[in-house]
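Close look at the chain arrangement
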Amino acid sequence: MGCDFYRKQLTAYLDQELNAPQKERMAQHLQSCQACRNQYDELQNTVNLLANAEKPALAPQFQAGWRSRIRQENLQAQKGFLVTWQSFFKQPPLFSIAGSLGIIVICFCMAFLVNRKIADDSLKTSHPQSLSQLSIKESPEAVYQLEIVKTGKQTQKVQQLLREFRQTHEEGAVLALRYEKAKLGIISGLKGAEAQALKEKLEALGAQVAVKIVAKKRN
Amino acid sequence: MEEQILIKKCQADDAVAFEELLGNYETMIYNLTYRFFGNHHDASDVGQEALLRVYRKIKDFNGKSSFKTWLYRVVSNLCLDEIRKRKKRKDSSLEEAKESGYEPLAGDVTPMENVLQKERFQLIQEILLLLTEEHRTILILKDIEGLDYNEISQVLNCNIGTVKSRLSRARESFRQKLATRPKYSVLIEGRVQHGM
Ligand SMILES: [Zn+2]
């Protein structure tokens, strides 16, 4: 057998997927052939590199987001807003604890995001609207995130607007974080014009909206 | 609670049971979506979509494969659909934005203190994104997620022979791309194992 034959089997050999005679032949060949041995070492380095790859940290908006969207979908199915929150807390103790923990996690995420925003731009807290409007017009090509800081008095209309927006916005400009009880929400992945339009609609309903750039054009 | 019971509850539209069941898999799902897209923004968006899809489709799970394998299939397929969709249609997604010269600002919150670790993490991700979807998928499933040939053949709905040959080509492609990176020998230093 030539080297080509063995090269094709290196991957299966490394994964212990060869049968006993194949394995034996491969081992013998590797002992006598430096070139194939080098190839094997390289392959093993590659596989080790991938196998030991560090894991990405979970984004808080993912952890809070999917739970929130499941609840929302469940709510829509049941056609009642408070019902599910109540039933959620009426679950046996284990669920209540899990639920409460979930809420603590979500609150923590919110606090984290809010803190970061303040750190990013301390002025934003005093004049959020004028400043954020400025930033949208300055770089319409960037990718934006809107955060509903306060829904104002027309909470249900704001929520309705967000639901409709999410349904009509195909690209999955997804409500990344939403916590019904605190009436806070984040919509991410918007183009400048989209962000501006949605922001204006939200503000027309009396909501207070903060804007953040999540990606911008490289220079 | 036992997984089988939780699955039954989910199939009976129990959203609380769903959160409990999928809470055990959210890290796995996030890792998977992250590897496909290479940034936290898309990983979070697509990961959420994936969980919604699982929620809507869980009644289809029939126990022929393990629940984990079934999840890998649903989530991988969603990621691949999303990648194809983005390729076909120029849209406002971040992937697009990145291709046209945008850089994500959010994300990269990985708490890696060690510079070498962080560089290795980024290098692996960069190279994964250079591969074809087919090769990227199989390396993610086998070498990062650690599935065996049999599980992969179930996830990808193909036979073991295909898994073997595709994996072989994918690793070779990854290796070649890795070799062109000047820093790669430093990053894998200490991992070289000579001899049999
Ligand atoms: Zn040889």
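Rules used throughout
- Residues numbered from 1 in each chain as written.
- Chains lettered and ligands numbered in written order.
- Predicted model: local features only at pLDDT ≥ 70, side-chain atom pairs only at ≥ 80, totals over all residues.
- Heavy atoms only, no water.
- Helix = DSSP H or I, 4+ residues; strand = E, 2+ residues; numbered from the N terminus.
- Contact = heavy atoms within 4.5 Å.
- Areas by Shrake-Rupley, 256 points an atom, 1.4 Å probe, with all protein chains shown as cover.
- Axes fitted to C-alpha atoms, helices over the stretch in contact; angles between N-to-C directions.
- Parallel < 35°, antiparallel > 145°, perpendicular 65-115°, else oblique.
- Left-handed = near helix turned anticlockwise from the far one by under 90°.
- Nonpolar A, V, L, I, M, F, W, Y, C, P; charged D, E, K, R; others polar.
- pLDDT = per-residue confidence, 0-100.
- Donors = N, O, S within 2.8 Å, 3.2 Å for Na, K, Ca; no water.
- Tetrahedral: all angles 85-135°; square planar, octahedral: opposite > 155°, others 65-115°.
- Buried < 20%, exposed > 50% of the residue type's maximum accessible area, 1.4 Å probe, protein only.
- Salt bridge = Lys/Arg side-chain N within 4 Å of Asp/Glu carboxyl O.

Moving on, we get to the overall build of chain B. Along chain B, the regular secondary structure elements total 11 helices and one strand. Reading the secondary structure of chain B in the N-to-C direction produces α-α-α-α-α-α-β-α-α-α-α-α. Taking as baseline every contact in chain B between residues at least 6 positions apart, the subset at least 24 positions apart corresponds to 66%. Summed over its atoms, the accessible surface of chain B is roughly 8,900 Å², and 47% of this surface lies on carbon and sulfur atoms.

This brings us to the packing of helix α4 (residues 40–57) of chain B against helix α5 (residues 67–88) of chain B. When two helices pack together, their arrangement is given by the angle between their axes and by how far apart the axes lie. Residues and elements named next belong to chain B. Direction vectors running N to C along α4 and α5 enclose 125 degrees, while the axes themselves pass 10 Å from each other. Between α4 and α5, the crossing angle belongs to the class labelled oblique. The hand of the α4/α5 crossing is right-handed. Where α4 approaches α5, its residues Asp42, Val46, Glu49, Ala50, Arg53, Val54 and Lys57 are matched on the opposing element by Trp70, Leu71, Val74, Val75, Leu78, Cys79, Asp81, Glu82 and Arg86. Its residues assigned to classes, the contact of α4 with α5 shows nine nonpolar, no polar and seven charged.

Moving on, we come to the confidence of the model for chain A. Residue and element names in this part refer to chain A. For chain A, per-residue confidence averages 71 on the pLDDT scale, and residues scoring 70 or more make up 58% of the total. Here strand β2 (residues 175–179) is the element of chain A with the lowest mean pLDDT, 34, and helix α2 (residues 20–32) is the one with the highest, 96. Here residues 81–86 scores under 50 on pLDDT; set against residues more than four positions off or in separate chains, the count is 12 contacts. Confidence over residues 115–132 falls short of pLDDT 50; this stretch has 18 contacts with residues more than four positions distant or in other chains.

What follows deals with the coordination of the zinc ion. Residues and elements named next belong to chain A. For the zinc ion, the protein coordination sphere consists of Cys3 (SG), His29 (NE2), Cys33 (SG) and Cys36 (SG), at 2.1 to 2.4 Å. Considering all four donor atoms around the zinc ion, the spread of angles at the metal, 99 to 116 degrees, places the coordination shape in the tetrahedral class. All donors to the zinc ion come from one chain, and their sequence spacing reads C-x25-H-x3-C-x2-C. Taken as a pair, Cys3 in helix α1 (residues 3–14) and His29 in helix α2 lie far apart in primary sequence, 26 residues in all. For His29, a relative accessible area of 13% puts it in the buried group.

Pairs can form between side chains of opposite charge once their charged atoms are near each other. Considering all chains together, one arrives at 21 salt bridges over all chains under this definition. Note that Arg166(B) is salt-bridged to Glu134(B), the shortest N-O span being 3.6 Å. You can see Arg166(B) sitting in helix α10 (residues 160–179) and its partner Glu134(B) sitting in helix α8 (residues 133–144), a full 32 residues away along the chain. By sharing partners, the salt bridges in this structure join Asp15(A), Lys142(B), Asp143(B) and Arg171(B) into a single network.

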